[in-house]
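Chain by chain, the residues:
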Amino acid sequence: MMQVWDHLWRNVHLATMDAESGDVHDAAIAVADGKIVWLGKEADLASGWQAKQVTDGQGQWITPGLTDCHTHLVYGGNRSHEFEARLNGVSYETIAKQGGGIRFTVNATRASDEDALLQEAIPRLRSLLNEGVTTIEIKSGYGLNTETERKILRVARRLGTMFPVRVVTTFLGAHALPPEFHGRADDYIRHVCDEMLPALAAEGLVDAVDAFCENIGFTSAQTEQVFIAAQRLGLPVKLHAEQLSDQNGAALTARYQGLSADHLEYLSQEGIAAMAAAGTVAVLLPGAFYYLRETKLPPVQALRDAGVPIALATDCNPGTSPMTSLLLTMNMGCTLFRMTPHECLKAVTVNAARALGMQQRTGMLRTGMDADMVRWDITRPADLSYHIGGNFMTERIFQGVPSQRF
């Protein structure tokens, strides 16, 4: 029977990120109905196929579409004044305690309507799409009340309908203590668990639940209440953990079978062991490390030794990582965290997809997976981490449909 494919790319090299296949040189890859239906050596293409469109890849490389698995893409306002203050010696903790930091962005976001937030977010998303991102996580957390958290999550959903990209939404109501709950953190956590989260989940706006477990955020006990509420609603959890101190957040996340623990500069050996046992992904955020001029490195070698999957993400946010380049993130993973280029590519494809619970759909080139791919005019995959400010994307393919720039 004649196989009819929607699109065949030939004369390409494949960085499949599939441990079983590895790199495939002199290859071809075919898609139909948004899925990968065949890949392998071009010489192994059997007769009996027909493609509606055939593209000569000109010896270029195809990778899985990139996944940015930790962003705060939707927010209002600008915090360049805080950037300047930090350069003048004021610490992030001091700025936060003085009403800046997250709370400053909360005020700006509350004051913005949904359309204004959408228009502010679009250029950030375009930057990421133009570097090959096909899946992105967008967190709430700059509302800290039901109305504004809803507004942020609705904008995130709208972005996923306006652009060819898979948007995963994460509710981060436990990001900071809003001013109306000053001195009443336990009351706010109850409000998050009993009112905010159930309401937003019922509206279909929440794919996962996050919290900020830190000495300037919420305690492990308060975070666990959020996890219990998420579990009650059948939602997976993840956590901002061990960024500024060791609060045992990673181990807590692992105990609840969390998708990921993120930041992790102060991660303990006990936390690593718990993550390894639970299969929780370590999401490292070199942009925030760089921007805050941190000096304590996340324990990359210990994570490797324990077999914990490592992902990288931009952490795009207005205060500690105003970055919209996943390619630069990969370079930082190499230069700052001493990861290899292969580890960094894996960290923004297969491992990043796993950090979102999307590993069965995207993150690898394998038959049956969604046809989320990027074609690059590069000599070898390491070029993606090697260049600073370079973008060699030729073609971005989302669910089998190619495009170039946005």
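These numbers come from a predicted model, not from an experiment.

A.B. asks: Can you break down the UniProt feature "binding site: N-formimidoyl-L-glutamate" (unreviewed entry) in the protein chain residue by residue, with the values?
C.D. replies: Using the residue numbers shown here, the UniProt feature "binding site: N-formimidoyl-L-glutamate" (unreviewed entry) corresponds to Y142, N317 and G319. For this annotated set, covering 178 residues, all C-alpha atoms fall within 11.5 Å of each other, a compact arrangement in space. Residues from the named set that contribute to the lining of the largest cavity are Y142, N317 and G319. When you line up the elements, Y142 lands in the loop between β6 (133-139) and α5 (146-162). Take G319: it is sitting in the loop between β12 (310-312) and α12 (326-335). Assessed through its relative accessible area of 3%, G319 is described here as buried. For G319, the residues in contact, after removing those within four places along its chain, are R79, R86 and Y291.

A.B. asks: Explain empty space enclosed by the protein residue by residue, including any values.
C.D. replies: Tallied over the full model, the rule gives 1 cavity of 30 Å³ or more. In this structure, the largest cavity encloses a volume near 130 Å³. Y92, I102, H175, N317 and T320 are the residues nearest the centre of the largest cavity, which is lined by 14 residues in total. Class assignment for the residues of the lining of the largest cavity results in 4 nonpolar, 8 polar and 2 charged.

A.B. asks: So what about the sheet that holds strand β5 (residues 66-68)? Which residues, and what values?
C.D. replies: Across the sheet, which stays open at both edges, the 8 strands sit in the order β5-β6-β7-β8-β9-β10-β11-β12 with parallel pairing between neighbours. This sheet does not close on itself; its edge strands, each paired only once, are β5 and β12. Ignoring which end each strand starts from, the neighbouring axes of this sheet average 25° apart. Strand contacts of helix α7 (residues 220-232): β7 (166-174), β8 (208-213) and β9 (238-241), with the helix running at about 175° to β8, the strand carrying the most contacts.

A.B. asks: Lay out the layout of surface pockets in plain terms, naming residues and giving numbers.
C.D. replies: Taken as a whole, the largest pocket holds about 300 Å³ of empty space. Lining the largest pocket are 17 residues; nearest its centre among them are R103, L177, N215, I216 and G217. Elements with a contribution of two residues or more to the lining of the largest pocket: α2 (92-97) and α3 (102-111). Considering every element that reaches the lining of the largest pocket, the biggest residue donor is α2, with 3 residues. In this structure, the second largest pocket is lined by 14 residues; those nearest its centre are R86, Y290, Y291, L292 and R293. In terms of residue count, the dominant contributor to the lining of the second largest pocket is helix α1 (residues 80-87) (3 residues). Among the residues forming the lining of the second largest pocket, the class breakdown is 8 nonpolar, 2 polar and 4 charged.

A.B. asks: Lay out the state of the cysteines with the relevant residues and their values.
C.D. replies: A covalent bond between the sulfur atoms of two cysteines is what we call a disulfide. Following the criterion strictly, the structure yields 0 disulfides and no others. With no disulfide of its own, C316 has C69 as its nearest cysteine by sulfur position, at a separation of 13 Å. With no disulfide partner, C344 has as its closest neighbouring cysteine sulfur the one in C334, 3.6 Å distant. For C344, a relative accessible area of 0% gives the class buried.

A.B. asks: How would you sum up the packing of aromatic side chains? Please name residues and give values.
C.D. replies: Inspection of the entire model under this criterion finds 7 aromatic pairs. Measuring from centroid to centroid gives 5.0 Å for F83 and Y291, while their planes differ by 20°, and the two rings are stacked. Pair noted here: F83 is in helix α1 and Y291 is in helix α10 (residues 286-291), with a separation of 208 residues, a long-range link. By way of ring pairs, the aromatic residues F181, Y188 and F218 are connected into one cluster. For the cation-ring pair, R124 lies above Y75, with the distance from its terminal atom to the ring centre recorded as 3.6 Å. Its end group placed over the ring of Y266, K296 keeps NZ or CZ at 5.4 Å from the ring centre.

A.B. asks: Run through α3, naming residues and quoting values.
C.D. replies: Buried within α3 we find I102, T105, V106, A108 and T109. The elements touched by buried residues of α3 are α2, α4 (114-129), α5 and β8.

A.B. asks: Account for the nonpolar core, with residues named and values stated.
C.D. replies: Core analysis: the biggest nonpolar cluster contains 94 residues, and I136, L159, F171, V206, L264, L284 and M339 have the highest contact counts within it. Other than its neighbours up to four places away in sequence, V206 contacts L153, R157, T169, F171, L197, L200, A201 and L235. Of all hydrophobic cores here, the second largest spans 14 residues; its members include A27, I29, I62 and L365.

A.B. asks: Hey, could you go over the sheet that holds strand β4 (residues 49-64) for me, with residue numbers and the actual values?
C.D. replies: Taken in spatial order, the 7 strands of this open sheet run β3-β2-β1-β4-β13-β14-β15, and their pairing is mixed. Strands at the two margins of the open sheet, each flanked by one partner only, are β3 (35-41) and β15 (401-403). Here the strands of the sheet are splayed against their neighbours by 30° on average, with no regard to which way each runs. As paired strands, strand β13 (residues 373-376) and strand β14 (residues 393-398) are joined by 4 bridges and run antiparallel to one another. From the neighbouring strand, M373 faces β14, where its bridge partner is I397.

A.B. asks: Explain the environment of Q222 to me, using residue names and the numbers behind them.
C.D. replies: Position of Q222 among the secondary structure elements: in helix α7. Separated by 149 residues in the primary sequence, Q222 and L73 place their C-alpha atoms 25 Å from one another. Beyond its immediate chain neighbours, meaning those up to four positions away, Q222 contacts A185, D186 and I189. Of the polar contacts made by the side chain of Q222, one reaches the backbone nitrogen of T219; its length is 3.0 Å.

A.B. asks: Explain helix α6 (residues 185-202) to me, using residue names and the numbers behind them.
C.D. replies: With 18 residues, α6 extends 24 Å from end C-alpha to end C-alpha; this agrees with the ideal 26 Å at 1.5 Å per step. In the structure, α6 departs most strongly from a straight axis at V192, where the bend amounts to approximately 40°. The set of residues buried in α6 consists of Y188, I189, H191, V192, C193, M196, L197 and L200. For α6, the secondary structure elements touched by its buried residues are α5, β7, β8 and α7. Looking at the residues trailing α6, positive phi occurs at G204, about 75°.

Rules behind the numbers
Residues numbered from 1 in each chain as written. Predicted model: local features only at pLDDT ≥ 70, side-chain atom pairs only at ≥ 80, totals over all residues. Heavy atoms only, no water. UniProt positions renumbered as here; feature names shortened; annotations may be inferred. 1 Å grid on protein atoms, 1.4 Å probe; cavity = no way out; pocket = protein on both sides within 12 Å on 5 of 7 lines; lining within 4 Å. Helix = DSSP H or I, 4+ residues; strand = E, 2+ residues; numbered from the N terminus. Buried < 20%, exposed > 50% of the residue type's maximum accessible area, 1.4 Å probe, protein only. Contact = heavy atoms within 4.5 Å. Points joined across faces, edges and corners; volume = space filled by probe spheres on them. Nonpolar A, V, L, I, M, F, W, Y, C, P; charged D, E, K, R; others polar. Pairing = 2+ DSSP bridges. Axes fitted to C-alpha atoms, helices over the stretch in contact; angles between N-to-C directions. Disulfide = S-S within 2.5 Å. Phe/Tyr/Trp six-rings, centres within 6.5 Å; stacked < 30°, edge-to-face > 60°. Lys NZ or Arg CZ within 6 Å of the ring centre and 35° of its normal. Core = buried A, V, L, I, M, F, W, Y, C linked by side-chain atoms within 4.5 Å. Polar contact = N/O pair within 3.5 Å; in protein donor to acceptor, adjacent residues only side chain to side chain. Expected span 1.5 Å × (residues − 1). Bend = angle between axes of the 7 residues up to and from the residue.

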